[in-house]
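Descriptive analysis of the structure
Okay, here's what each chain looks like letter by letter:
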Amino acid sequence: MRKIFWGLLGMFALSVGFAQTPGVGFYSGYPTYLGLQYQSANLRLGAGFGFFGIAGDAALILAKASLPGYSSIGMSWYYGLGVGATIALGGTVFGIYPHGLVGVEMQLPDPAINPYFEGQLGAHVLFPTPILGPYFAGRVGVILR
């Protein structure tokens, strides 16, 4: 676990300069159906209510670039790595979800908001009985800058 932490921290240090737009916002999707997020530089933290309990995640945005042909309207794409966690109501099941992510963000000039959508692909591990399986998720959100 320590190696994973230091590895993610190292990737964060190497990738400073690429990020979604800094700010606060809200999102909806799966496994978190309603959440709040905070974004600063490359790090995005989110937490909210999931379908079966409470969910949260952290994402490291590794790169961001303008979409060819759409840069005049402020559209860009990004990708990164993340890890999510859920706790079922009653605390009977805990899940961890390491994943990769890719998304599209649009910067609106007025009002100062950036809508985005993103897909995530990875694995999930459920506890107390370790169960490993595929993980598919997505979110639609708005960043208030």
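Before reading on, note that the structure itself is shown above.
Rules behind the numbers
- Residues numbered from 1 in each chain as written.
- Predicted model: local features only at pLDDT ≥ 70, side-chain atom pairs only at ≥ 80, totals over all residues.
- Heavy atoms only, no water.
- Pairing = 2+ DSSP bridges.
- Helix = DSSP H or I, 4+ residues; strand = E, 2+ residues; numbered from the N terminus.
- Axes fitted to C-alpha atoms, helices over the stretch in contact; angles between N-to-C directions.
- 1 Å grid on protein atoms, 1.4 Å probe; cavity = no way out; pocket = protein on both sides within 12 Å on 5 of 7 lines; lining within 4 Å.
- Points joined across faces, edges and corners; volume = space filled by probe spheres on them.
- Nonpolar A, V, L, I, M, F, W, Y, C, P; charged D, E, K, R; others polar.

Quick notes on the pairing of strand E8 (residues 131–144)
Bridging between strand E1 (residues 23–30) and E8 involves seven bridges; their strand directions are antiparallel. Residue pairing across strands places phenylalanine 26 opposite valine 142, the latter belonging to E8. Here 14 bridges tie strand E7 (residues 113–127) to E8, and the two strands are oriented antiparallel to one another. In the sheet register, proline 115 faces E8, and the bridge partner there is valine 142. Two successive antiparallel strands, E7 and E8, enclose a turn made up of three residues.

Some words on the sheet that holds strand E4 (residues 53–66)
A barrel is described by the order of its strands in space; here eight strands give the closed sequence E1-E2-E3-E4-E5-E6-E7-E8, paired in antiparallel fashion. Averaged over all pairs of adjacent strands, the angle between their axes in this sheet comes to 25°, without regard to strand direction. Inspection of the sheet shows strand E2 (residues 32–40) paired to strand E3 (residues 43–50) by eight bridges, in the antiparallel sense. Looking at the pairing, leucine 36 lines up with alanine 47 of E3.

What about empty space enclosed by the protein?
With a probe scaled to a water molecule rolled over the atoms, the places where space remains empty come into view. Per the counting criterion, the structure on display carries one cavity of 30 Å³ or more. Here the largest cavity is characterised by a volume of approximately 110 Å³. Around the largest cavity, the lining is made up of 17 residues, and of these Pro31, Thr32, Asp57, Tyr135 and Arg139 lie nearest the centre. Going through the elements one at a time, E1, E4, strand E5 (75–88), strand E6 (94–106) and E8 are the ones with two or more residues in the lining of the largest cavity. In terms of residue class, the lining of the largest cavity is made up of seven nonpolar, eight polar and two charged.

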